[in-house]
Structures are given as structure tokens and as C-alpha cells.
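Residue-level structure breakdown
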Amino acid sequence: MAATSNVTEIIFLGFSQNQGAQKVISVLFLLLYVAILLGNGLIVVTIMAGKGLTSPMYLFLSYLSFAEICYCSVTAPKLILDSFMERKVISLKGCITQIFFLHFFGGTEIFLLTLMAYDRYVAICKPLHYTVVMNRRACGLLVGAAWGGGLLHSVGQTVLIFQLPLCGPKILDHYFCDVHPVLKLACSDTFLISVLIITNGGSISVVSFTGLLASYVVILRSLRTQTSEGRRKALSTCASHLAVVALFFVPCSFVYMRPCVTLPADKIVAVFYTVVTPLLNPVIYSFRNAEVQNALRRLMGRKGSWEEK
């Protein structure tokens, strides 16, 4: 795909050229990354090991947490290591790989969030049909479709950007490879490719976000017939999900649903959807859930009993 390119490596400028500031940033991101691994990893283990967490919502949540771990791992370790290097370099193949997995796990996360909204819609608006509609086979197919959709999106973005000849300058004012910064390295007309990249990323975001909003509009309308306790529980779950959706979709929309130009704010905005959202997901969507808390207590109690033996 990049056979005509004379660029073999790419240099990141990162957040700062000051060595002291770089080390502070590295330590900060290391702490955040460890917290993401522990928080989301604990959610995955708790749901997989918890006997009471068998509903489709928790299945989707476990896959979301796993995708969050993978998504953050595409960029954070490289940033942490680069903060100790004078030259922050990545090979062209490494850059291709980073873009592929960034959009693969990011696209999968978008589809999983959409599935979770659909799950809540069926559970609240069609409770009598919930076990039939969201049966084990259907949930497995939906999860497979989410990962397949993320793969197709990623392949599309990667093929589009790396069919262009890259001839420099080989410097990116960013801390990881992404389609918009790399597009600036192209030495041919990029207008059509830019339109296709925006269409690919933008269509997924628009369709998914529209589906999410439609689901919650219907859910909120149906809550008028629910009991006060039912409304409170449903609103609590929906509010947590909407918070995660907003934290992920708003920054992504700012970066990917506009013309292919880079802005100084892009690096800061990227931190929100690559680090902040994976960090807050276990807190605002999982640990506030009473069933997850109870399963976590049982898991910790079981671990304690094993240690005593």
C-alpha cells in the first residue's frame, strides 16, 4: 500500500519538547494507564466469574471493558516510552499498525455502545419479549457484528490513508499516528481520500449516535407509564450510559467529523477518547451498579478465603 513512499520512519513531537515536562507526562500517563488496566480488567474478571451477572447488558459491558483496555494500549505505552527518548520515532509499518488497531478497537467500542443502548431499549420498552429478543445466540451474533464492523471500518481507513505516496516532512505534531496527521505527509492530491475518510468515520459516528439518541428518546417516553422505582432504576442506568457515550462521541466527533486538517487542540482532545473515557468507564458505568458491586464483593471474599487456605 505504501510501496511508492520514501518515508520509512515518522517522528512524533509529542506534548512537549522539554525533557522535564516529558518525564512528568510519562509518569502521569503511566498512572492513568495502570488504573485503566486494573479498573477495566477487574470489570471483565468480575462479570466472567460472577454467577449473577448473566444478562446481556453485562456481556456487552465485559466486551466494552476489554475493548477499552485494547484501545488505550494502542497509544499509551508508546507515549510513556517516548517520553524518555530524545527522538520519538515509529517505523512506517508501526504507524500503519497503530492506525489499524486504533480504528479497529475504536469502531468496535462505538458499535458496542450502540448495542448497549439497544439492549436497554428492549429491556425497558419490551420487557415481555426481552428474553426472546436478547437470547444467547442473538447476543453472540450482535457482539460478533460489533467486532466485524470495527474491523471493516479499520481496514477502510487504513487502506485509504496508506495507498497515498508519503514523502514528508516525516514529522507529526502528535503523540500517535492517526489518519489526519499522516494525511499531511502525502505528496499527492488528498481531497478525494479526505472525503472518503470523513465519510467512513463520520457515517459510523452519525448512524450510531442517531441510533443511540432514538433509543433513549423512546425509553424516556415509555418511562411515563413505569412506577417511580422503575423510573429511578432505568434513569440511573441510562444516565450512566449516556455519560460514557458523551465522553467518547463528543471528542471523536470533533476530530473525525470535520475536514482533514490538524489543530493544536487535537492532542488534548485525543486524550479524552483514548485515556479519559477508558479510565472513567468502570467508575460511572460499572462500579455504580449495585449488582456489579455485589459480584465484586463476592469475588473479593472468595479470593480472601482462598488466601486463608
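Residues numbered from 1 in each chain as written. Predicted model: local features only at pLDDT ≥ 70, side-chain atom pairs only at ≥ 80, totals over all residues. Heavy atoms only, no water.

1. A few points about the overall build of the protein chain
Within the protein chain, the secondary structure is distributed over 10 helices and 3 strands. Along the protein chain, helices and strands appear, N-terminal first, in the series β-α-α-β-α-α-α-β-α-α-α-α-α. Here the protein chain has a C-alpha radius of gyration of 21 Å; the compact-globule value for 309 residues is 19 Å, and the two agree. With respect to the three principal axes, the spread of C-alpha positions in the protein chain is 65 × 50 × 30 Å. Expressed as a percentage of the 309 residues in the protein chain, the buried residues total 49%. Here the analysis covers contacts within the protein chain between residues at least 6 apart in sequence; of these, 81% occur between residues at least 24 apart. (Helix = DSSP H or I, 4+ residues; strand = E, 2+ residues; numbered from the N terminus. Rg over C-alpha atoms; globule rule 2.2 N^0.38 Å. Buried < 20%, exposed > 50% of the residue type's maximum accessible area, 1.4 Å probe, protein only. Contact = heavy atoms within 4.5 Å.)

2. Brief notes about the environment of Gln 19
In this structure, Gln 19 sits in helix α1 (residues 19-49). With a relative accessible area of 33%, Gln 19 lands in the partly exposed category. For the pair Gln 19 and Arg 297, spaced 278 residues apart in sequence, the C-alpha separation works out to 43 Å. Contacts of Gln 19, omitting those with residues within four sequence positions, involve Ser 83, Met 85 and Glu 86.

3. Observations regarding the UniProt feature "transmembrane region" (unreviewed entry) in the protein chain
Here, UniProt's "transmembrane region" (unreviewed entry) annotation points to residues 24-45, 57-76, 96-118, 139-162, 191-218, 238-256 and 268-287. As annotated, residues 139-162 comprises 100% helix and 0% strand, and the C-alpha atoms at either end are separated by 35 Å. Summarising residues 191-218: 100% helix, 0% strand, and an end-to-end C-alpha distance of 39 Å. (UniProt positions renumbered as here; feature names shortened; annotations may be inferred.)

4. Observations concerning the sheet that holds strand β3 (residues 171-172)
Taken together, 3 strands build an open sheet; the order of strands is β2-β1-β3 and the sheet is mixed. Looking at which strands have only one partner, the edges of the open sheet turn out to be β2 (88-91) and β3. Judged from the 2 bridges that link them, strand β1 (residues 9-12) and β3 form a sheet pairing that is parallel. The residue of β3 that forms the bridge with Ile 11 is Ile 171. Relative to the sheet, helix α3 (residues 92-125) contacts β1 and β2, its axis offset from that of β2 by approximately 85 degrees. (Pairing = 2+ DSSP bridges. Axes fitted to C-alpha atoms, helices over the stretch in contact; angles between N-to-C directions.)

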